[in-house]
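Chain by chain, the residues:
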Amino acid sequence: MLNIHKIISQKNLLIGGSIVFLAIGVAVFAPFIATFDPITDADLMLSEMPPDDSFIFGTDPQGRDVFSRVVYGARVSLSVGIVTQVINTFIGVSLGLVAGYMGSRWDDAIMGLTNIMLSIPVVVFALAIMAALGPGLFNIYIALGLTNWAYSCRITRAQVLSVKNSDYVKAAKVLGYSHFSIMFSQILPNVLGPVLVIATLGAAEAILMEAALSFLGLGAQPPTPSWGGMLASARELFFIAPWMSIFPGLAIFITVLGLNLFGDGLRDYLDPRNVLKSKD
């Protein structure tokens, strides 16, 4: 059960969680929060207007409301962070379970593949995939979803090795449970804590990667609002219209900071040493 007192005592968890839930709320309720349509409400007569009462974040060169585009951009960034991390976690956890539980040649093969993945920078691997598939949001899901599972795999394997000889696992074997059933119904629920922390931090990294790829023109294509794409279109106008860069940049910074704080707080919350301290 959730320990409310312990959650309140974990400042990182509380602050990070609030930021994350706020970002999710902005993405979900974007049509009700945005004051203009981020694509169709364009008026060149209102081009590059500074923030005022009508446009609180100013306008872009096409006369579109920057605030509305930042709000809708949350949908792109958070969808990339969540979808790609679900893919990465599924791949990493599945391979880590097999490697840790089966051992022998399975462990050697999977750890060899994992070491290869760790030796290649994620951004390089993602750029190679995007170069082959072409730009687009769906291709970002594929590129980032297949390149950052190695950490989840190693963490899962380490956790499985620490519990595979536990009494409940031995009891399941005696009762005739299959290997698949033991891995996913007996072992997995007991190793999810560290995996959730890695997944949270991985979502923050995925958002930064999406922003970088969109900045390079490989992510969501115009006129779809994307924080990285907004930064790319504003980079030459920074000294003329700085608000076009400042607000999407702040959105990326705050969201990534919230996810990192949430992951750090979640790690402390799930740490068994802190559980023992709270009982003392």
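Residues numbered from 1 in each chain as written. Predicted model: local features only at pLDDT ≥ 70, side-chain atom pairs only at ≥ 80, totals over all residues. Heavy atoms only, no water.

This brings us to the packing of aromatic side chains. Within a pair of aromatic rings, the relevant descriptors are the distance that separates the centres and the angle that separates the planes. Summed over the entire model, instances satisfying the criterion amount to six aromatic pairs. Ring geometry for phenylalanine 57 versus phenylalanine 67: centroids 5.2 Å apart, planes at 80°, classification edge-to-face. You can see phenylalanine 57 sitting in the loop between α3 (30–33) and α4 (66–102) and its partner phenylalanine 67 sitting in helix α4, a full 10 residues away along the chain. Classification of phenylalanine 67 as buried rests on a relative accessible area of 15%. Positioned over the ring face of phenylalanine 215 is arginine 235, at 5.4 Å from the centre of the ring. (Phe/Tyr/Trp six-rings, centres within 6.5 Å; stacked < 30°, edge-to-face > 60°. Helix = DSSP H or I, 4+ residues; strand = E, 2+ residues; numbered from the N terminus. Buried < 20%, exposed > 50% of the residue type's maximum accessible area, 1.4 Å probe, protein only. Lys NZ or Arg CZ within 6 Å of the ring centre and 35° of its normal.)

Time to look at the pattern of salt bridges. One side chain can pair with another of opposite charge once the charged atoms of both are near each other. Enumeration over the complete set of coordinates arrives at four salt bridges. In this structure, arginine 69 and aspartate 60 form a salt bridge, with 3.9 Å as the shortest nitrogen-oxygen distance. A salt bridge links arginine 267 to aspartate 264, with the shortest nitrogen-to-oxygen separation between them at 2.3 Å. Of this pair, arginine 267 and aspartate 264 both sit in helix α13 (residues 243–270), separated by three residues, roughly a single helical turn. Classification of aspartate 264 by relative accessible area gives partly exposed; the value is 23%. (Salt bridge = Lys/Arg side-chain N within 4 Å of Asp/Glu carboxyl O.)

The next subject is the packing of helix α9 (residues 167–174) against helix α10 (residues 179–187). The relative placement of two packed helices is expressed as an angle between their axes plus a distance between the axes. Two elements in contact, α9 and α10, have axes whose closest approach is 11 Å; the angle formed by their N-to-C orientations is 145°. Handedness of the crossing formed by α9 with α10: right-handed. Contact with α9, carried on its side by Tyr168, Val169, Ala172 and Lys173, involves Ile182, Gln186 and Ile187 of α10 and no other residues of that element. By residue class, the composition of the contact of α9 with α10 is five nonpolar, one polar and one charged. (Axes fitted to C-alpha atoms, helices over the stretch in contact; angles between N-to-C directions. Left-handed = near helix turned anticlockwise from the far one by under 90°. Contact = heavy atoms within 4.5 Å. Nonpolar A, V, L, I, M, F, W, Y, C, P; charged D, E, K, R; others polar.)

Now for the side chain of serine 94. Tracing the chain through its elements places serine 94 in helix α4. Its relative accessible area of 17% is what places serine 94 among the buried residues. Residue contacts for serine 94: discarding those within four places in its chain leaves Thr89 and Phe184.

A separate point is the packing of helix α11 (residues 192–215) against α13. Across the interface, α11 lies against α13 with an axial gap of 8 Å and an inter-helix angle of 170°. Taken as axis vectors, α11 and α13 run roughly antiparallel relative to one another. Residues Gly193, Leu196, Val197, Thr200, Leu201, Ala203, Ala204, Ile207, Leu208 and Ala211 of α11 lie in contact with α13, whose contacting residues are Ile252, Thr255, Val256, Leu259, Asn260, Phe262, Gly263, Leu266, Arg267 and Leu270. When its residues are assigned to classes, the contact of α11 with α13 shows 14 nonpolar, five polar and one charged. (Parallel < 35°, antiparallel > 145°, perpendicular 65-115°, else oblique.)

Right, let's talk about the nonpolar core for a bit. Judged by nonpolar contacts, the single largest core of 28 residues is most densely connected at Val66, Val70, Trp227, Met244 and Leu259. Among the elements that line this core, the one with the most residues is α4, at seven residues. Setting aside its immediate chain neighbours within four residues, leucine 259 contacts Val20, Thr200, Leu201, Ala203, Ala204 and Ile207. (Core = buried A, V, L, I, M, F, W, Y, C linked by side-chain atoms within 4.5 Å.)

A cis geometry characterises the amide bond from proline 222 onward to proline 223, with omega recorded as 10°. As for its placement among the helices and strands, proline 223 is situated in the loop between α11 and α12 (227–234). The phi angle at serine 104 is positive, at roughly 55°, despite the residue not being glycine. Considering the arrangement of structural elements, one finds serine 104 in helix α5 (residues 104–119). Given the relative accessible area of 58%, serine 104 is considered exposed.

A word on a nonpolar patch on the surface. Together, Ile116, Ile120, Val123, Val124, Leu127, Phe215 and Leu216 give the surface a local cluster of nonpolar side chains, amounting to about 560 Å² of exposed area. With three residues, helix α6 (residues 122–133) is the single largest residue contributor to the nonpolar patch. One can find leucine 127 in helix α6. (Patch = residues over 30% accessible without salt bridge, like charges linked within 9 Å, V, L, I, M, F, W, Y side chains within 5 Å. Areas by Shrake-Rupley, 256 points an atom, 1.4 Å probe, with all protein chains shown as cover.)

Looking at the protein chain as a whole, the pLDDT averages 87, with 94% of positions reaching at least 70. Of all the helices and strands in the protein chain, helix α14 (residues 272–279) carries the lowest mean pLDDT, 49, while α3 carries the highest, 94. Of the regions scoring below 50 in pLDDT, residues 275–280 engages in one contact with residues more than four places distant in sequence or in other chains. (pLDDT = per-residue confidence, 0-100.)

When you line up the elements, leucine 14 lands in helix α2 (residues 11–28). Each C-alpha atom of the pair leucine 14 and phenylalanine 262 lies 7.4 Å from the other, and the pair is 248 residues apart in sequence.

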